Amino acid sequence: MAETFQSLLHGFSIALTPFNILWGLIGVILGTFIGVLPGVGPALTVAMLLPLTVKLDPTGALIMFAGIYYGAMYGGSTTTILLNTPGESASIATALEGNLMAKNGRAGPALATSAIGSFVAGTIATLLVTMLAPLVIEVALKFGPAEYFALMVFAFTTVSAVIGSSTVRGLTSLFLGLLLGIIGIDSQTGRSRFAFGVPELLDGIDVVVLAVGLFAVGEALYVAAYSSRLEEKIEQLKGSLWMSKRDWQRSWPAWLRATAIGFPFGSIPAGGAEIPTFLSYATERRLTKYPHEFGKGAIEGVAGPEAANNASVTGALVPLLTLGIPTSATAAILLSAFQNYGIQPGPLLFQSQSDLVWGLIASLYIGNVLLLILNLPLVGIWVKVLAIPRPLLYGGILVFSTLGAYSLHQSVVDLVILYVFGLLGFVMRRWNIPVAPAVIGLILGPLAETQFRRALAISQGDLSVFVTQPIAASVLAVSAILLVVPLFFKQARRD
Amino acid sequence: MKAKPAELTISLAVLVLGIAVAVGTTQLSGAGGYARVGPNAAPAVVAAGLVLLGLWLLYEALSGGWRNSSPDEPEALGEHPFHLGAFLWVSVGLFAQILLIHRAGFVLAQAVLFACVARGFGSTRIARDLAIGLAIALAVFLFFVKFLNVNLPAGWLRPILGSAGI
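A look at the overall build of chain B
Move 1: Secondary structure assignment for chain B yields six helices and zero strands.
Move 2: When the helices and strands of chain B are listed from N to C terminus, the series reads α-α-α-α-α-α.
Move 3: The globule rule puts the C-alpha radius of gyration for 166 residues at 15 Å, and the 24 Å found for chain B is more than 25% above it.
Move 4: Based on the C-alpha atoms only, the size of chain B along its principal axes is roughly 60 × 55 × 20 Å.
Move 5: Sorting the 166 residues of chain B into buried and exposed places 46% on the buried side.
Move 6: Taking as baseline every contact in chain B between residues at least 6 positions apart, the subset at least 24 positions apart corresponds to 51%.
Move 7: Total accessible area on chain B stands at roughly 8,100 Å², and carbon and sulfur atoms take up 70% of it.

A closer look at the overall build of chain A
Move 1: Within chain A, the regular secondary structure consists of 22 helices and two strands.
Move 2: Relative to the globule expectation of 23 Å for 495 residues, the C-alpha radius of gyration of chain A, 22 Å, shows essentially globular dimensions.
Move 3: Classification of the 495 residues of chain A by burial places 63% in the buried group.
Move 4: Across chain A, every contact between residues at least 6 apart in sequence was considered, and the portion connecting residues at least 24 apart equals 79%.
Move 5: Taking the 27 positively charged and 25 negatively charged side chains of chain A as two groups, their mean positions are separated by 10 Å.

Digging into the interface of chain B and chain A
Move 1: Taken together, the contacts link 76 residues of chain B with 69 residues of chain A.
Move 2: When chain B packs against chain A, close to 6,300 Å² is buried across both sides, 73% of that on carbon and sulfur atoms.
Move 3: Seen at the junction of chain B and chain A, the total is zero salt bridges.
Move 4: Where chain B packs against chain A, one counts 16 residue pairs in polar contact (both at pLDDT 80 or more).
Move 5: Elements with a contribution of two residues or more to the side of chain B that touches chain A: helix H1 (5–26), helix H2 (41–62), helix H3 (84–100), helix H4 (106–120) and helix H5 (126–147) of chain B.
Move 6: Per-element tally for the side of chain B that touches chain A: the top contributor is H2(B), with ten residues.
Move 7: A breakdown of the residues in the side of chain B that touches chain A according to their chemical character gives 47 nonpolar, 21 polar and eight charged.

Some points on the pattern of salt bridges
Residue and element names in this part refer to chain A.
Move 1: The full count for this structure, using the stated rule, is twelve salt bridges over all chains.
Move 2: The salt bridge involving Arg453 is made with Asp186; its shortest N-O contact spans 2.9 Å. Highlighted residues: Arg453 in helix H20 (residues 436–458) and Asp186 in the loop between strand E1 (184–185) and strand E2 (192–193), separated in sequence by 267 residues.
Move 3: Under the relative-accessibility criterion, Arg453 is labelled buried at 3%.

Some points on the side chain of A:Ser479
Move 1: Position of A:Ser479 relative to the elements: it lies in helix H22 (residues 470–494).
Move 2: The residues touching A:Ser479, leaving out its near neighbours within four places in the chain, are A:Val153, A:Phe154 and A:Thr157.

Observations concerning a nonpolar patch on the surface
Move 1: There is a patch of nonpolar side chains on the surface, built from A:Ile92, A:Leu96 and A:Phe278 and spanning about 220 Å² of accessible area.
Move 2: Along the chain, A:Ile92 turns up in helix H5 (residues 92–103).

A word on unusual backbone geometry
Residues and elements named next belong to chain A.
Move 1: A positive phi is found at Gln410, a non-glycine position, where the angle reads about 50°.
Move 2: With respect to the secondary-structure elements, Gln410 resides in the loop between helix H18 (390–409) and helix H19 (412–430).
Move 3: With a relative accessible area of 23%, Gln410 lands in the partly exposed category.
Move 4: You will see that Asn432, though not glycine, has its phi angle at about 65°, which is positive.
Move 5: Locating Asn432 in the fold gives a position in the loop between H19 and H20.

Things to note about the packing of aromatic side chains
Move 1: For the structure on display, the rule yields 22 aromatic pairs over all chains.
Move 2: In textbook terms, an aromatic cluster arises when at least three aromatic residues are bridged by ring pairs, as seen for A:Tyr222, A:Tyr226, A:Phe426, B:Phe82 and B:Phe87.
Move 3: Over the ring of A:Tyr290 we find A:Arg246, and its NZ or CZ is 4.8 Å from the ring centre.

Some points on the packing of helix H8 (residues 167–182) of chain A against H2(B)
Move 1: Remark: H8(A) packs on H2(B), axes separated minimally by 9 Å, with the N-to-C direction vectors making an angle of 150°. On the basis of their axis angle, the class for H8(A) and H2(B) is roughly antiparallel. By crossing handedness, the relation of H8(A) to H2(B) is classed as left-handed. Along the contact surface, H8(A) presents A:Thr167, A:Val168, A:Arg169, A:Leu171, A:Thr172, A:Phe175, A:Leu176, A:Leu178, A:Leu179 and A:Ile182, while H2(B) presents B:Ala42, B:Pro43, B:Val45, B:Val46, B:Gly49, B:Leu50, B:Leu53, B:Trp56, B:Leu57 and B:Glu60.
Move 2: Taken together, the residues of the contact of H8(A) with H2(B) break down into 15 nonpolar, three polar and two charged.

So, the packing of H4(B) against H5(B)
Residues and elements named next belong to chain B.
Move 1: Running from N to C, H4 and H5 point in directions that differ by 140°, and their axes come no closer than 8 Å. Of the possible angle classes, the one that applies to H4 and H5 is oblique. The way H4 lies across H5 gives a crossing that is right-handed. Contact residues: Phe106, Val107, Leu108, Gln110, Ala111, Val112, Phe114, Ala115, Ala118 and Arg119 in H4; Ile126, Asp129, Leu130, Ile132, Gly133, Leu134, Ile136, Ala137, Leu138, Val140 and Phe141 in H5.
Move 2: Looking at the contact of H4 with H5 residue by residue, the classes come out as 17 nonpolar, two polar and two charged.

Structural notes on the environment of A:Phe278
Move 1: Turning to its location among the elements, A:Phe278 is positioned in helix H12 (residues 274–287).
Move 2: Sequence spacing of A:Phe278 and A:Ile92 is 186 residues, and the spatial spacing of their C-alpha atoms is 8.3 Å.

A short note on H2(B)
Move 1: Here H2(B) is 22 residues long and its end C-alpha atoms lie 32 Å apart, about the 32 Å a rise of 1.5 Å per residue gives.
Move 2: Against the buried residues of H2(B) lie H8, E2 and H20 of chain A together with H1 of chain B.
Move 3: After H2(B) finishes, the residue B:Gly64 shows a positive phi value of roughly 100°.

Side note on the confidence of the model for chain A
In regions of low pLDDT, the predicted coordinates are not meant to be interpreted in detail.
Move 1: Of the residues in chain A, 95% reach a pLDDT of 70 or more, and the chain-wide mean stands at 86.
Move 2: Model confidence for chain A, summarised as mean pLDDT per element, is weakest for H22(A) at 77 and strongest for H19(A) at 94.

Notes on helix H10 (residues 207–227) of chain A
Move 1: Relative to the 30 Å expected for 21 residues at 1.5 Å per residue, H10(A) spans 28 Å between its end C-alpha atoms, a close match to the ideal helical length.
Move 2: Between a side-chain oxygen at the N-terminus of H10(A) and the backbone nitrogen of A:Val208 the separation is 2.9 Å; the capping residue is A:Asp206.

Notes on the environment of A:Leu241
All names here are of chain A.
Move 1: Following the sequence through the fold, Leu241 ends up in the loop between H10 and helix H11 (245–267).
Move 2: Distance in space between the C-alpha atoms of Leu241 and Leu111 is 7.7 Å, their sequence separation being 130 residues.
Move 3: Contact partners of Leu241, with chain neighbours within four places excluded, come to Gly108, Pro109, Ala112, Leu376 and Val379.

Regarding the confidence of the model for chain B
Move 1: The predicted model of chain B has a mean per-residue pLDDT of 86, with 91% of residues at 70 or higher.
Move 2: Across the predicted assembly, pTM comes out at 0.90 and ipTM at 0.92.

Rules of the game
Residues numbered from 1 in each chain as written. Chains lettered and ligands numbered in written order. Predicted model: local features only at pLDDT ≥ 70, side-chain atom pairs only at ≥ 80, totals over all residues. Heavy atoms only, no water. Helix = DSSP H or I, 4+ residues; strand = E, 2+ residues; numbered from the N terminus. Rg over C-alpha atoms; globule rule 2.2 N^0.38 Å. Buried < 20%, exposed > 50% of the residue type's maximum accessible area, 1.4 Å probe, protein only. Contact = heavy atoms within 4.5 Å. Areas by Shrake-Rupley, 256 points an atom, 1.4 Å probe, with all protein chains shown as cover. Lys, Arg positive; Asp, Glu negative; His and termini not counted. Charge placed at Lys NZ, Arg CZ, Asp CG, Glu CD. Buried area = accessible area lost by both parts, 1.4 Å probe. Salt bridge = Lys/Arg side-chain N within 4 Å of Asp/Glu carboxyl O. Polar contact = N/O pair within 3.5 Å; in protein donor to acceptor, adjacent residues only side chain to side chain. Nonpolar A, V, L, I, M, F, W, Y, C, P; charged D, E, K, R; others polar. Patch = residues over 30% accessible without salt bridge, like charges linked within 9 Å, V, L, I, M, F, W, Y side chains within 5 Å. Phe/Tyr/Trp six-rings, centres within 6.5 Å; stacked < 30°, edge-to-face > 60°. Lys NZ or Arg CZ within 6 Å of the ring centre and 35° of its normal. Axes fitted to C-alpha atoms, helices over the stretch in contact; angles between N-to-C directions. Parallel < 35°, antiparallel > 145°, perpendicular 65-115°, else oblique. Left-handed = near helix turned anticlockwise from the far one by under 90°. Expected span 1.5 Å × (residues − 1). pLDDT = per-residue confidence, 0-100.

As structure tokens, this is what we get:
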């Protein structure tokens, strides 16, 4: 514990250098600004802003990314409350009560409880990450390829089959991602797979191109086709921004309960902030002293889900940093940012790049403070961003997001692939196939394949290695149960 | 109840994709060294998965429709019917960008993309949109080339933009 504290102090000494504070500040502001834009979720925000960091040193770049990651979530909450268009599934619970509060002229307290709740949950969760990460590493250092493979299968199962409305559609999305991950040169043998002689495909498909295609191009095509001719209604920011004494009394227990719900969901590779936000909403609804207010704009219904979202997103940094396993589309893009610098997150990262990791963790604390300071006074500016007319907004989104995909390799082929992914995203969105599993499958698939083949190389091709090693076997067993049991439940419910 | 054509099409597409991957996998050699699994193991798993998922989707589509799916009519989600013009304008913008970016350069390609997308979203002020798109693209170009040292194609504007860009 003392050692962790030492490392964290060292991290602060890195994060608090003027340049790194500046990168953090720029990240927080850009993240909030882009995150506020309707139709832009955190995953797209991170993907769009990736090219800005190409020339930075890794520590500065990742500190900026941490700021973007958090800023995008804060910004998304503002949009959700004032516009009732949740940018991602984790914001749906907030939208339920938050928009109703705004309609009743209580937008100020709704935004305040969401910002302060995010700060409280984010800070507690960062503290937990700080304490938990060294412990996970102790265990992870003992993991071999079989254990890693099992954990990745577990992550695949949770992000595709457990979350979402349909197991089969989640798995379909995952397998599309896995297929895209196969394209290119096989890292073990150097053979090209499914590249069809296109040299640009030999390097594989970049996760940023897929994310921008699905989240920006697909989304723009969808919104243009199905809701560009609708009137938008922005709730005005009327009355006081401040929360009354009663608002505080109702908010803080919700923040703490939500942190306790959200963090575990993020930190075991159980992916996604969607389940904890709904769990928190349901909990607050059951415990509230003002049940009649639910469905009309109850402050607990905003405070809880927002805090749960933040705690879970922060918790997701534990598997990302210590095991290299992303559990959300946003974390998948962060992983690709690491990989762009030739850094593979995992237990060894804490030893080989301890400056970078602890600087990053320290910058999370700083980022949370910056966001709290920025968001409450500046919320008026973010509200103005919301008023940008739709035609110009989507024009801008496509200009910036295609730039993000193009500047990776300055390749027209990437732009063609981008449009194909856009069409794919349109179809998936229209017919209710989740897109996040595809993004995670693309980045995690090749890593899982490598671990699988390493495990078999060690065991001389004996497949029983996955069932005789206790950790790998139990993780695989839990994955199988998670995959199969809900199917029976669903069947039973129908009968 | 009749199966929905879109669900049938997507289910079949997943199935056909799985079969195609399976065929492609047989073209990859299987030498795997010590691991005894070569570069074709993962594609084989993915092919099998896609075929099974395609069959599963097809079964759902034929037995009352995909489970827990959104309603088929956009109106039920508070949306309007498919607007072909909007969809096409956004597509035209992206095609124009693909064709223009290495010829006319980044700034002009992005300006045209911006104006086409705005048109798709119902804007009728094409000159204004082009001007805004041009301003944004120019600012981004200069920021990337001068400040971030990332090269972007200058294209037809090279005489004006000077040596900046490639």
